[in-house]
Amino acid sequence: MDSTRRLAKAQYELNSTLRHVTGIPHTGIAMALKALAHRGPMSLTDLAEILAIDRSVMSRHIAWLVDEGHAQRTVDAADRRARTVTLTASGQALHHDLQAELRRRTDHVFGDWDTKDLEGLAHDVSRLAATLSAAAHL
């Protein structure tokens, strides 16, 4: 198996494990949760655009968060027709739990890496991300 497939498989396995541990049924929901936790309240349209997810799919992800009590839809004060999605305290706690579990796992598996190796990896991953992003916009 080539390195690209191994990386994709490893990311899939980690995402699946984290979703299972936290009870999140879909990776898109975890992505929406993270975006809302880091960027604050936003419209469904903006959230879908930021995450490059179809608006109807994002709507289903947000519906799950709302149904579970992790998010709420509110009327936008600037445009009464628009709705804003906001994380509730439960949503903030779920995001915290997801991040804590990721941190616990990565601290464990990277525990024997020295600082120089970790810095090199961070540099290489940033470079890879920039390269893949550039390829997407050709």
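As a starting point, this report considers the structure included with it. Being a predicted model, the structure only gives us computed values, none of them experimental.

## Considerations on the sheet that holds strand β2 (residues 71-75)
And then number 1: On the basis of which strands lie adjacent, the open sheet formed by three strands has the order β1-β3-β2 and antiparallel pairing. Every interior strand has two partners, whereas the edge strands, β1 (42-43) and β2, have only one.
And then number 2: The sheet contact formed by β2 and strand β3 (residues 83-87) spans five bridges and is antiparallel. When the sheet's bridge partners are listed, Q72 is paired in β3 with T86.

## Regarding the packing of helix α3 (residues 44-51) against helix α4 (residues 55-67)
And then number 1: Viewed as axis vectors pointing N to C, α3 and α4 meet at an angle of 110°, and their least axial separation amounts to 9 Å. Between α3 and α4, the angle falls in the class roughly perpendicular. α3 and α4 meet at a crossing whose hand is right-handed. Listed contacts from α4 to L44, T45, L47, A48 and L51 of α3 are R55, M58, S59 and I62.
And then number 2: Its residues assigned to classes, the contact of α3 with α4 shows six nonpolar, two polar and one charged.

## What about a nonpolar patch on the surface?
And then number 1: A grouping of W113, L118, L121 and V125 is seen on the molecular surface, where their side chains present a nonpolar patch of about 310 Å² in accessible area.
And then number 2: With respect to the helices, strands and loops of the structure, L118 is situated in helix α6 (residues 115-136).
And then number 3: Among the residues examined, L118 registers a relative accessible area of 33% and is labelled partly exposed.

Calculation criteria
- Residues numbered from 1 in each chain as written.
- Predicted model: local features only at pLDDT ≥ 70, side-chain atom pairs only at ≥ 80, totals over all residues.
- Heavy atoms only, no water.
- Pairing = 2+ DSSP bridges.
- Helix = DSSP H or I, 4+ residues; strand = E, 2+ residues; numbered from the N terminus.
- Axes fitted to C-alpha atoms, helices over the stretch in contact; angles between N-to-C directions.
- Parallel < 35°, antiparallel > 145°, perpendicular 65-115°, else oblique.
- Left-handed = near helix turned anticlockwise from the far one by under 90°.
- Contact = heavy atoms within 4.5 Å.
- Nonpolar A, V, L, I, M, F, W, Y, C, P; charged D, E, K, R; others polar.
- Patch = residues over 30% accessible without salt bridge, like charges linked within 9 Å, V, L, I, M, F, W, Y side chains within 5 Å.
- Areas by Shrake-Rupley, 256 points an atom, 1.4 Å probe, with all protein chains shown as cover.
- Salt bridge = Lys/Arg side-chain N within 4 Å of Asp/Glu carboxyl O.
- Buried < 20%, exposed > 50% of the residue type's maximum accessible area, 1.4 Å probe, protein only.

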